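Structural overview
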Amino acid sequence: MPKRVDHDERRAQIAEALIRVAGRRGLHAVGMRDVAAEAGVSLRLVQYYFQTKEKLLFYGLQHLTAHFTARVDARLRATGRVPGPRATVEALLLASLPTDEESRTFHLLYTSYAILSVTDKALAAQPFVDQPDAAENALAGLLRQAREAGLTDRDIDPRTEAISLLAMTAAMGTSILVGQRTPESAMGVLRHHLDRIFTAE
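Residues numbered from 1 in each chain as written. Predicted model: local features only at pLDDT ≥ 70, side-chain atom pairs only at ≥ 80, totals over all residues. Heavy atoms only, no water.

On to the overall build of the protein chain. Assigned secondary structure in the protein chain consists of ten helices and zero strands. The order of helices and strands in the protein chain, counted from the N terminus, is α-α-α-α-α-α-α-α-α-α. On the principal axes, the C-alpha backbone points of the protein chain span a range of 60 × 40 × 30 Å. If you take every contact in the protein chain between residues at least 6 apart in sequence, the share linking residues at least 24 apart comes to 65%. Of the roughly 11,100 Å² of accessible surface on the protein chain, 54% is carried by carbon and sulfur atoms. (Helix = DSSP H or I, 4+ residues; strand = E, 2+ residues; numbered from the N terminus. Contact = heavy atoms within 4.5 Å. Areas by Shrake-Rupley, 256 points an atom, 1.4 Å probe, with all protein chains shown as cover.)

And the structure:
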């Protein structure tokens, strides 16, 4: 009896190969042939599952985002208690800073995809913007919840604070990648701003 192929597992295998090779060489330099070689499969198989490089890159980004979500969940479980809004916000933002190899790859590829999509019409056609919107909406929701619980100043605007925190974290992540600052100093800046927002927990 022929072995049944798990298509989700095979797609994940190819996505992991994309992440590894793009983490080494940069997203702009990766082709479908490179990914096939890294995954140990044929180019034809990669093309069968993804048809175009743009679809492969977008799937890889989704796969990377799933890893990021698991990383945030692990941080929250490590607290050993039901996390409040501040702990959840902090876990979400700290997980996106490039403090180890996995988070470095996440930040590098996520930023590279955004920049490439500005000039590549085929990439721009992929629904990349859904993910930043999802993070912004989640963060704004947590800050709104905190404000209603009396954990922040009543005058804060949750949406504006969410946008500011995400933009600051993204910029600091890039500054870590280029060696401008250490992960520890970036985390210190982030916690300083959270102390400003959260007056109690």
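Orientation of helix H6 (residues 101–119) relative to helix H9 (residues 158–177), taken along the N-to-C sense of each, is 115°, at an axis distance of 10 Å. Comparing the axis directions of H6 and H9 gives the class roughly perpendicular. By crossing handedness, the relation of H6 to H9 is classed as left-handed. Only Ala170, Gly173, Thr174 and Leu177 of H9 make contact with H6, whose side of the interface consists of Arg104, His107 and Leu108. (Axes fitted to C-alpha atoms, helices over the stretch in contact; angles between N-to-C directions. Parallel < 35°, antiparallel > 145°, perpendicular 65-115°, else oblique. Left-handed = near helix turned anticlockwise from the far one by under 90°.)

Before going further, it helps to examine H9. Its 20 residues give H9 an end-to-end C-alpha distance of 29 Å, which sits within 8% of 28 Å, the value for a rise of 1.5 Å per residue. When we look at burial in H9, the residues that qualify are Pro158, Glu161, Ala162, Leu165, Met168, Thr169, Met172, Gly173, Ser175 and Ile176. Buried positions in H9, seen along its axis, are confined to an arc of 160° and lie on one side of it. Taken from the residues just after H9, glycine 179 is the one with a positive phi, measuring 85°. (Expected span 1.5 Å × (residues − 1). Buried < 20%, exposed > 50% of the residue type's maximum accessible area, 1.4 Å probe, protein only. Arc of directions from axis to C-beta.)

What follows is about the nonpolar core. Of all hydrophobic cores here, the largest spans 54 residues; its most connected members are Val89 and Leu165. In terms of residues, this core owes the most to one element, helix H4 (residues 53–77), which gives eight residues. When neighbours within four sequence positions are excluded, valine 89 is seen to be in contact with Leu139, Leu142, Leu143, Leu165, Leu194 and Phe198. (Core = buried A, V, L, I, M, F, W, Y, C linked by side-chain atoms within 4.5 Å.)

All chains considered together, the criterion is met by twelve salt bridges. Among the salt bridges present, the one from glutamate 90 reaches arginine 191, with a minimum N-O distance of 2.8 Å. Taken together, the residues glutamate 90 in helix H5 (residues 85–96) and arginine 191 in helix H10 (residues 183–197) connect sequence positions 101 residues apart. Take glutamate 90: its relative accessible area is 15%, and that puts it in the buried class. A salt bridge links glutamate 161 to arginine 196, with the nearest nitrogen and oxygen atoms 3.2 Å apart. You can see glutamate 161 sitting in helix H9 and its partner arginine 196 sitting in helix H10, a full 35 residues away along the chain. The exposure class assigned to glutamate 161 is buried, which follows from its relative accessible area of 13%. (Salt bridge = Lys/Arg side-chain N within 4 Å of Asp/Glu carboxyl O.)

With 15 residues, H10 ought to run about 21 Å at 1.5 Å a step, and its terminal C-alpha atoms sit 21 Å apart, in line with that. Turning to H10, its buried residues are Pro183, Ala186, Met187, Leu190, Leu194 and Ile197. For H10, the angular spread of buried residues about the axis comes to 95°, placing them on one side. In H10, those exposed residues whose orientation departs by more than 90 degrees from the buried face are Glu184 and His192.

Attention now goes to the packing of aromatic side chains. Remark: the centre distance and the inter-plane angle together describe each pair of aromatic rings, the angle taken between the planes. Using the criterion set out here, one finds four aromatic pairs in the structure. With a centroid separation of 5.2 Å and 50° between ring planes, the pair formed by phenylalanine 50 and tyrosine 59 is classed as tilted. For the ring pair phenylalanine 106 and tyrosine 110, a centre distance of 5.3 Å and an interplane angle of 25° mean the geometry is stacked. Of this pair, phenylalanine 106 and tyrosine 110 both sit in helix H6, four residues apart, roughly one helical turn. (Phe/Tyr/Trp six-rings, centres within 6.5 Å; stacked < 30°, edge-to-face > 60°.)

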